[in-house]
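Here's the letter readout for the chains.
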Amino acid sequence: MELLHPSSWKDYELIDSGDGEKLERFGKYTLIRPEPQAIWSKSLTEQKWKEVATAKFVREQKDKFRFSDDVKGGWSRNPGMPESWNVQYQYKELNLTLRLALTSFGHVGVFPEQGNNWNFIYDTLTSWNSNKIRVLNLFAYTGAASVVARTAGAEVTHCDASRPGINWANQNMQLNNLDNIRWVYEDAFKFVRREVKRGNKYNGIIMDPPPYGRGPEGEKWTLQEQLNELISMSSELLEKKNRFFVLSMYAVGLSPIVGLNVAKTHFDMPSPEFGEFFLQSKQGKDLPMGTFLRFKAES
């Protein structure tokens, strides 16, 4: 079991965390946001947090839905703090530009810990030297992984149940001077089921399912009830050669071994990597950011 942090970032850093909050720098701007796992005390003083922060989000309830209207809260911004801005991410020949924004639910459009998965996806795809690689990104959010896969030459299908998320991902695609990502506005579970019936195949499948969620037609998603079946169906979509699979889960309380065991049930996995992601803090109190399971194979 591995503990990994995204070491390639220059436009992101976790400055401090504690007392249910985190202090993060995204490019030129420093934000205070809620973080329920940060149950320890802050290392820096409240005064220092206020001095360095350019915006703060206060959450009025603890819903974790992405792009949901159910989360109530709001931002307080310093003068000159924009509602949206861009950050850069570099890894080897990958030069990624991502649009960030202060959303009404407290997210900014990127999960920085995923940088390690982006590196994995980029390395895997560029090592195959093929122009017929197909990648499916489920629960694809604002599309950073989709853009990485497309940059590496893959044909990408991006599936998400949020129209704002897909619009945002489209902006990220254009920021990186790319085109031809296939956008699918649909419940991921239903889409995978239909893809199995169609007999479609992919070389790579990426998924980052939330603990709970709703599809465009009100379909209910519950990670612990449906993940096993979703991965079972996904295993039917994955090619036998030149294949990879990436599963991320941010569900407090679930061990990395959960994802490993579910994947073991349905995949023949050569040397799977699994463990926890964390954000390395300048103050020495690292922040856990969910679990991962991934593997790749050329034959």
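Going by the structure above, here's the rest.
Okay, so let's go over this structure. Since the model is a prediction, treat every value here as computed from it, not as a measurement.

Helix and strand counts for the protein stand at seven helices and 17 strands. Taking 2.2 N^0.38 as the reference for a compact globule, 299 residues should give roughly 19 Å; the C-alpha atoms of the protein span a radius of gyration of 19 Å, in line with that estimate. Overall size of the protein, expressed as C-alpha extent along the three principal axes, is 55 × 40 × 40 Å. When the 299 residues of the protein are sorted by exposure, 55% land in the buried category. Partitioning the contacts of the protein with sequence separation of at least 6, the portion at a separation of at least 24 is 64%. For the protein, the separation between the mean place of its 38 positive charges and that of its 36 negative charges on side chains is 2 Å.

Moving on to the sheet that holds strand E5 (residues 55–59). Strands sit in the order E2-E3-E4-E5-E6 across an open sheet of five strands; the sheet is mixed. Each edge of the sheet is formed by a strand with only one pairing partner; in this case those strands are strand E2 (12–18) and strand E6 (73–77). In this sheet, neighbouring strand axes are inclined to one another by 15° on average, regardless of whether the strands run parallel or antiparallel. Sheet topology places E2 next to strand E3 (residues 21–26); six bridges connect them, and they run antiparallel. In the sheet register, Glu13 faces E3, and the bridge partner there is Arg25.

If you walk through the whole model with that rule in mind, you get one cavity of 30 Å³ or more. One number sums up the size of the largest cavity: a volume of about 200 Å³. If you go around the largest cavity, you meet 21 residues; those closest to its centre are Gln114, Trp118, Ala140, Ala145 and Asp208. It is helix H2 (residues 115–128) that contributes the most residues to the lining of the largest cavity, three residues altogether. Grouping the amino acids of the lining of the largest cavity by side-chain chemistry returns twelve nonpolar, seven polar and two charged.

What follows is about the sheet that holds strand E1 (residues 2–4). The eight strands lie next to each other as E1-E16-E17-E15-E12-E9-E10-E11, forming an open sheet whose pairing is mixed. Since the sheet does not close on itself, it has two edges, and those belong to E1 and strand E11 (182–185), each with one partner. If you compare each strand with its neighbour and ignore which way they point, the axes differ by 20° on average. In this sheet, strand E15 (residues 243–249) lies alongside strand E12 (residues 204–207) in parallel orientation, the contact comprising four bridges. Counted as the bridge partner of Met207 is Leu247 from E15. Strand contacts of helix H3 (residues 144–151): strand E9 (134–138), strand E10 (155–160) and E12, with the helix running at about 170° to E10, the strand carrying the most contacts. The strands touched by helix H5 (residues 188–198) within the sheet are E9, E10 and E11, with E9 carrying the most contacts at an inclination of about 150°.

According to the stated counting rule, one finds 16 salt bridges in the structure shown. Lys56 is paired through a salt bridge with Glu21; the nearest N and O atoms lie 3.6 Å apart. Here Glu21 lies in strand E3 and Lys56 lies in strand E5, a separation of 35 residues in the sequence. Relative accessible area serves as the criterion here: at 30%, Lys56 is assigned to the partly exposed category. On the basis of relative accessible area, Glu21 is assigned to the buried category, the value being 16%. Between Arg294 and Glu273 there is a salt bridge, with the nearest N and O atoms lying 3.1 Å from each other. Of this pair, Arg294 sits in strand E17 (residues 287–297) while Glu273 sits in strand E16 (residues 273–279), placing them 21 residues apart in sequence.

About the criteria used
- Just so you know, the residues in each chain are numbered from 1, in the order the chain's sequence is written.
- Totals for whole chains, interfaces and linings use all residues, but because this is a predicted model, local features are given only for residues with pLDDT of at least 70 and pairs of side-chain atoms are given and counted only at 80 or more.
- Side-chain measures were taken over the full set of non-hydrogen atoms in the model, leaving aside hydrogen atoms and water.
- Strands are runs of DSSP state E lasting at least two residues, helices are runs of H or I lasting at least four, and both sets are numbered from the N terminus onward.
- It is over C-alpha atoms that the radius of gyration is taken, and the globule rule equals 2.2 Å times the number of residues to the power 0.38.
- For the exposure calls, accessible area comes from a 1.4 Å probe over protein chains only, and a residue counts as buried if that area is under 20% of its type's maximum, exposed if over 50%, partly exposed in between.
- Whether two residues are in contact is decided by their heavy atoms, any of which lying within 4.5 Å being enough.
- His is not counted, nor are the chain ends, whereas Lys and Arg count as positive and Asp and Glu as negative.
- Charged groups are reduced to one reference atom each: NZ for lysine, CZ for arginine, CG for aspartic acid, CD for glutamic acid.
- Note: two strands are recorded as paired if DSSP finds a minimum of 2 bridges between them.
- The angle between two axes is taken between their N-to-C directions and runs from 0 to 180 degrees, where each axis is a line fitted to C-alpha atoms and a helix contributes only its stretch in contact.
- Grid spacing is 1 Å over the protein atoms alone, the probe is 1.4 Å, and a cavity is where that probe fits but cannot get out, while a pocket is an open set with protein on both sides within 12 Å along at least five of seven lines and lining residues have an atom within 4 Å of a point.
- Grid points are joined across faces, edges and corners, and a volume is the space filled by probe spheres set on the points.
- Any residue that is not Ala, Val, Leu, Ile, Met, Phe, Trp, Tyr, Cys, Pro, Asp, Glu, Lys or Arg is counted as polar, Gly included; the first ten are nonpolar and the last four charged.
- Whenever a carboxyl oxygen of Asp or Glu lies within 4 Å of a side-chain nitrogen of Lys or Arg, that contact is scored as a salt bridge.

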